[in-house]
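Spelled out from the first residue to the last, the chains are:
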Amino acid sequence: DTEVTQTPKHLVMGMTNKKSLKCEQHMGHRAMYWYKQKAKKPPELMFVYSYEKLSINESVPSRFSPECPNSSLLNLHLHALQPEDSALYLCASSQTTGTSHGNEQFFGPGTRLTVL
Amino acid sequence: AQSVTQLGSHVSVSEGALVLLRCNYSSSVPPYLFWYVQYPNQGLQLLLKYTSAATLVKGINGFEAEFKKSETSFHLTKPSAHMRDAAEYFCAVSDQGAGNMLTFGGGTRLMVKP
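Values in this document were obtained by computation on a predicted structure and should not be read as measured data.

The rules behind these values
- Residues numbered from 1 in each chain as written.
- Chains lettered and ligands numbered in written order.
- Predicted model: local features only at pLDDT ≥ 70, side-chain atom pairs only at ≥ 80, totals over all residues.
- Heavy atoms only, no water.
- Helix = DSSP H or I, 4+ residues; strand = E, 2+ residues; numbered from the N terminus.
- Polar contact = N/O pair within 3.5 Å; in protein donor to acceptor, adjacent residues only side chain to side chain.
- Disulfide = S-S within 2.5 Å.
- Buried < 20%, exposed > 50% of the residue type's maximum accessible area, 1.4 Å probe, protein only.
- Contact = heavy atoms within 4.5 Å.
- Buried area = accessible area lost by both parts, 1.4 Å probe.
- Nonpolar A, V, L, I, M, F, W, Y, C, P; charged D, E, K, R; others polar.

A. Representation of the side chain of Asp85(A) in the model. All names here are of chain A. Secondary-structure assignment places Asp85 in the loop between strand E8 (73-79) and strand E9 (87-94). A polar side-chain atom of Asp85 sits 2.7 Å from a polar atom in the side chain of Arg63. At a separation of 2.7 Å, a polar atom in the side chain of Asp85 contacts the main-chain amide nitrogen of Gln82.

What follows is the structure, given as structure tokens:
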């Protein structure tokens, strides 16, 4: 199984809502990532988890709260978002965060988020 | 700091024509280089990667790329374009020791005309 799954596929939320995005992989990868992608732009890294611990936070606003309950799951909790947070949110995983042998990242299909 | 430049945000070719998507990188150490493809409303799929084993790298869907250190380039080619190749293509670099963080180029949208 070389798949990263993400739910939901689409999400519409108001600025006062609380919602969560979910990501799952069963490849035994110990590194997981959240990216934000705006239209016609490359993905921007938000968070990196390594062995279930947050290792990189790219100065993301606190209205985004990541969580890694176990080695297969990665959540992104959303609260009090702004319309400019509307984007495609991508999850990815890799064997580790080491770079030996070109440790490629496998991406999920993304969640299309719209904040009203 | 590393960076990636993709020349041409849009490239249009006819079906059956050669595809050439350009990527230049800057890195202080030998990098790992990747090409990803993104179809509409989907995630990124790895096409190929360079990890210093061979300078000519073959990937999926008939694509290949050549690493040229002297030119700091990693251009993506395909001899004959298909309609299904129409997508967004991203070149990315990962420095050794950088925690496997990817730096992406701005992307190139490939359009294939019938």
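So, next bit.
B. Layout of the state of the cysteines. Scanning the entire structure with this criterion turns up two disulfides over all chains. Across a sulfur-sulfur distance of 1.9 Å, Cys23(A) and Cys91(A) are joined as a disulfide pair. In this structure the cystine formed by Cys23(A) and Cys91(A) twists about its S-S bond by roughly -70°; its chirality is therefore left-handed. With a gap of 68 residues between them, Cys23(A) in strand E3 (residues 18-25) and Cys91(A) in strand E9 connect regions that are remote in the sequence. With respect to class, Cys23(A) is no different from Cys91(A); both count as buried. Note that Cys23(B) is cross-linked by a disulfide to Cys91(B), the S-S spacing being 2.0 Å. Measuring handedness by torsion sign, the sulfur bridge of Cys23(B) and Cys91(B) sits at about -65° and is left-handed. Here Cys23(B) is found in the loop between strand E3 (19-21) and strand E4 (24-26), whereas its partner Cys91(B) is found in strand E10 (residues 87-95), with 68 residues between them in sequence.

C. Local environment of unusual backbone geometry. Residue and element names in this part refer to chain A. Of note, the bond from Thr7 into Pro8 is cis; its omega dihedral lies within 30 degrees of zero at -10°. Turning to its location among the elements, Pro8 is positioned in the loop between strand E1 (4-7) and strand E2 (10-13). One non-glycine residue, Lys40, lies in the positive phi region at around 65°. Inspection of the secondary structure puts Lys40 in the loop between strand E4 (31-37) and strand E5 (44-50). Accessibility expressed as a relative area gives 73% for Lys40, which makes it exposed. One non-glycine residue, Tyr51, lies in the positive phi region at around 50°. As for its placement among the helices and strands, Tyr51 is situated in the loop between E5 and strand E6 (53-57).

D. Quick peek at the interface of chain A and chain B. Every contact between the two is made by 26 residues of chain A and, on the other side, 23 residues of chain B. Both sides together, the interface formed by chain A and chain B hides about 1,700 Å², and carbon and sulfur atoms give 56% of it. Taken together, the connections running from chain A to chain B amount to five residue pairs in polar contact (both at pLDDT 80 or more). Classifying every residue of the side of chain A that touches chain B by side-chain character gives ten nonpolar, twelve polar and four charged.

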